[in-house]
Amino acid sequence: MLHSALADDLEVALASHDGLVTTAQLTELGFSSRAVSRAVATGRLAPLRRGVYADAAVHAAGPEERHVWRMRAEAAVAHKPLVFSHVSAAALHGLPFIGDAPGRVHVVAETRSGSNSAGRCVHTTQSPVRPVVVEGLLVTSLERTVVDLALTASFAAALAAADRALALIDADTPAPLLETLESLQPTRGLRRALRVLRAADRRSGSAGESLSRARMIELGFEVPELQVRFDRPGGGVSFVDFFWRRQALIGEFDGLVKYSRSRELNGMSPAASVIAEKRREDELRRQVRGFERWTWDDAISPRRFAALLSDFGVPRASDTR
């Protein structure tokens, strides 16, 4: 346990610096290296990088939030302001991650200023950066962030970010993203970026739906219509994630989980939510030839997802039957 006076000083220091404290600040408060180690061992402080510690709340944070903590830690010790980019900027813009959260923060500079390190990946660009401020940190704009990901990330990861960005900027077409790509005039990755941005669709309801559609495109399956409306027999409507109209097939990503979570919005209990979703599914099944659900584990595996779609009867994109 920390001495009560030190514990109180630590609370004040963390509150004064948005949950972060440096070794220098701890030393000024009278913390010895042994006291710092004790605070870490007891879980009161969490080390983020050499010389920077976070409030214990970081232990309960999700991967995106933990990454933002690491960004703030890097900014706290940088000799000059950092402009965060790529997956780091995506975390602050609220864009989804596909895959593991990155171990290093990503920054961009118009000239080489510093090298890669254990905690920082530096990207050099010849294009003006024009950063924006999000939660007190400098980051690339939403459009620039998506384009950077389209140029460098996996197709699925980039498409999930692009889908979400179009929803955030209320754009019905990817034109704003394509304009940003054109303004950057990249020398590498142009073809892959165009493939991502042209496929982006604001109607995608989640990262899982974006991942599913990315896999369909990568695997050569026919891309379905998104968020199609079906009238319910007793009144009201249902919107389905994916609909292959020619084959009269409905596909949904993790629908049971989605509807059980929605109970927070409609006041239903988990059991009632599952029953309501089963009734909805039964109604939809009577209007089509097939109805299939899949999970994140299904979509993340190309072989598993290809088998699922084939068994379900989804045609290949080149199949004109």
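Every value quoted in this text rests on a predicted model; they were computed, and no experiment measured them.

1. Considerations on the overall build of the chain
Here is step 1 of the chain: Counting secondary structure elements, the chain contains 15 helices and 12 strands.
Here is step 2 of the chain: Each of the three principal axes of the chain carries a C-alpha extent, and together these read 75 × 50 × 35 Å.
Here is step 3 of the chain: Looking at the 321 residues of the chain, the share that counts as buried comes to 45%.
Here is step 4 of the chain: When the accessible surface of the chain is totalled, it reaches about 16700 Å², and 51% of it is carbon and sulfur.
Here is step 5 of the chain: Of the side chains in the chain, 42 bear a positive and 38 a negative charge, and the two mean positions are spaced by 5 Å.

2. Concerning helix α3 (residues 33-41)
Residues separated by three or four positions in an α-helix point in the same direction, a consequence of the helix having 3.6 residues per turn.
Here is step 1 of the chain: For α3, every residue scored as buried is listed here: A35, V36 and A39. Axial view of α3: buried residues confined to an arc of 100 degrees, hence all on one face. The outward face of α3, more than 90 degrees from its buried face, is lined by the exposed residues S33, R34 and A41.
Here is step 2 of the chain: Where the residues of α3 are buried, they touch α2 (23-28), β2 (45-49) and β3 (52-55).
Here is step 3 of the chain: Positive phi shows up at G43, right after α3, with a value of about 85 degrees.

3. Digging into the confidence of the model for the chain
Here is step 1 of the chain: Counting all residues, the mean pLDDT for the chain is 88, and 90% of those residues have values of 70 or more.
Here is step 2 of the chain: Overall, residues 257-265 carries pLDDT values under 50, and its contacts beyond four positions in sequence, including any with other chains, amount to 13 contacts.

4. Points about the sheet that holds β3
By definition, the strands of a sheet pair up through backbone hydrogen bonds, in either a parallel or an antiparallel sense.
Here is step 1 of the chain: Strands sit in the order β1-β3-β2 across an open sheet of 3 strands; the sheet is antiparallel. Two strands lie at the open edges of the sheet, namely β1 (20-22) and β2, each paired on one side alone. The average undirected angle you get between the axes of adjacent strands in this sheet is 35 degrees.
Here is step 2 of the chain: Here β2 runs beside β3; their pairing, made up of 4 bridges, is antiparallel. If you follow L45 over to β3, its bridge partner there is D55.
Here is step 3 of the chain: Lying over the sheet, helix α4 (residues 63-77) contacts β1, β2 and β3, oriented at roughly 65 degrees with respect to β2.

About the thresholds
- Residues numbered from 1 in each chain as written.
- Predicted model: local features only at pLDDT ≥ 70, side-chain atom pairs only at ≥ 80, totals over all residues.
- Heavy atoms only, no water.
- Helix = DSSP H or I, 4+ residues; strand = E, 2+ residues; numbered from the N terminus.
- Buried < 20%, exposed > 50% of the residue type's maximum accessible area, 1.4 Å probe, protein only.
- Areas by Shrake-Rupley, 256 points an atom, 1.4 Å probe, with all protein chains shown as cover.
- Lys, Arg positive; Asp, Glu negative; His and termini not counted.
- Charge placed at Lys NZ, Arg CZ, Asp CG, Glu CD.
- Arc of directions from axis to C-beta.
- Contact = heavy atoms within 4.5 Å.
- pLDDT = per-residue confidence, 0-100.
- Pairing = 2+ DSSP bridges.
- Axes fitted to C-alpha atoms, helices over the stretch in contact; angles between N-to-C directions.

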